[in-house]
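The lines below spell out each chain.
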Amino acid sequence: MTISASQWGSPTASRRALLIHGMTMSSQSWEGVAQLLVADGFFVVAPNLLGHAWRQSTDYRVSNIAEDLRPYFAMGTSYDIIIGHSFGGPVTLSLLPFLPKTQNTTVILLDPALELTEEKIKMNAQLVENELTRIRTPEEHMADNPAWSRRDCISRVLGMAMCDRNAIEMFRQNTPWSFSGLIKNIPPNVKITTLVSDPKFNDILDHVPSDVERLNTRVLTGIGHWIQYELPQAIMAEIPLPRAKM
């Protein structure tokens, strides 16, 4: 297995964060959030998932993608914060069994792709195939997403450019697409916050379980799917203060 990741901050920092990107993205898509975390005293690691950043595979099941990340937990390595976006949501939830049981961990899910109907799978697979066939320019992304920085637009383009052209296999190999069960048995040392985009943009909120202990959900009115680009401060607001500041 080859380690492929971006890192920010000092490895000797008092707190650690692990960031899990979404489909057709890369570790560099977390640059903005990572810099905020470093300023808050974190050492930040963002792996490149299988199928991304030139990492090819024939097995794109969520369980295998999560297993590929097991080395990031070697020798009892723990994280104070784990953040997963979109497709990275199910991957993040699949990492929970790897967490040391003695370390409290805050998990933040950004618009997690927990459930997709067969119709949605076909629609999203076609969308990804179209995007990979004709990769849009940073300027086009900026025109359509005025809340994004130019850096964010460039990272979006780079993520697409480095993505395996067989990435649509992620849809086929994870059918039926049903991962909400992963969020129903949260370990006692883990708290999960789900930040969900405005329901007028999608139906993600409909698939986030309710009445689950240690699960909190916030809806971000007026904010779209790319929460880390549009409202990174909403993510930072969910990060607990270090013990010395509490």
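The structure we're discussing is the one just above.
An account of the accompanying structure is given in this report.

Reading guide: rules and limits
- Residues numbered from 1 in each chain as written.
- Predicted model: local features only at pLDDT ≥ 70, side-chain atom pairs only at ≥ 80, totals over all residues.
- Heavy atoms only, no water.
- Core = buried A, V, L, I, M, F, W, Y, C linked by side-chain atoms within 4.5 Å.
- Buried < 20%, exposed > 50% of the residue type's maximum accessible area, 1.4 Å probe, protein only.
- Helix = DSSP H or I, 4+ residues; strand = E, 2+ residues; numbered from the N terminus.
- Disulfide = S-S within 2.5 Å.
- Pairing = 2+ DSSP bridges.
- Salt bridge = Lys/Arg side-chain N within 4 Å of Asp/Glu carboxyl O.
- Axes fitted to C-alpha atoms, helices over the stretch in contact; angles between N-to-C directions.

With that out of the way, let us pick up the nonpolar core. Core analysis: the largest hydrophobic core is formed by 48 residues, its most contacted members being Phe73, Phe87, Trp177 and Ile192. If you tally residues by element for this core, the top one is helix α4 (residues 118-133), at four residues. Core analysis: the second largest hydrophobic core is formed by 22 residues, Trp8, Phe42, Ile81 and Ile235 among them.

Enumeration according to the criterion identifies zero disulfides in this entry. The closest cysteine sulfur to the non-disulfide-bonded Cys153 is located on Cys163, 18 Å from its own sulfur. The exposure class of Cys163 is buried, given its relative accessible area of 3%.

For strand β2 (residues 15-20), the buried fraction is high: five of the six residues fall into the buried class. As paired strands, β2 and strand β3 (residues 42-47) are joined by four bridges and run parallel to one another. Directly across from Leu18, in β3, lies its bridge partner Val45. Pairing between β2 and strand β4 (residues 81-85): four bridges, direction parallel. Following the sheet pairing, Ile20 is matched in β4 by Gly84.

Now for the pattern of salt bridges. Oppositely charged side chains may form a pair once their charged atoms are brought near each other. Across all of its chains, the model carries 14 salt bridges by this definition. The salt bridge partner of Asp40 is Arg15, with a shortest N-O separation of 3.5 Å. Within this pair, whereas Asp40 is found in the loop between α1 (31-39) and β3, its partner Arg15 is found in strand β2, the two being separated by 25 residues in sequence. For Asp40, a relative accessible area of 33% corresponds to the partly exposed category. Notably, a salt bridge pairs Glu169 with Arg172, separated by 2.6 Å at the nearest N-O pair. Here the residue Glu169 and the residue Arg172 both occupy positions in helix α7 (residues 169-173), the gap between them amounting to three residues, near one helical turn. A relative accessible area of 56% means that Arg172 is categorised as exposed.

Take the sheet that holds strand β9 (residues 215-220) next. On the basis of which strands lie adjacent, the open sheet formed by seven strands has the order β1-β3-β2-β4-β5-β8-β9 and mixed pairing. Each end of this open sheet is capped by a strand with a single partner; those strands are β1 (5-8) and β9. Across the sheet, the axes of successive neighbouring strands diverge by a mean angle of 15 degrees, strand direction being ignored. Pairing of strand β8 (residues 190-197) with β9, which is carried by six bridges, proceeds in the parallel orientation.

In short, geometric facts, not functional conclusions.
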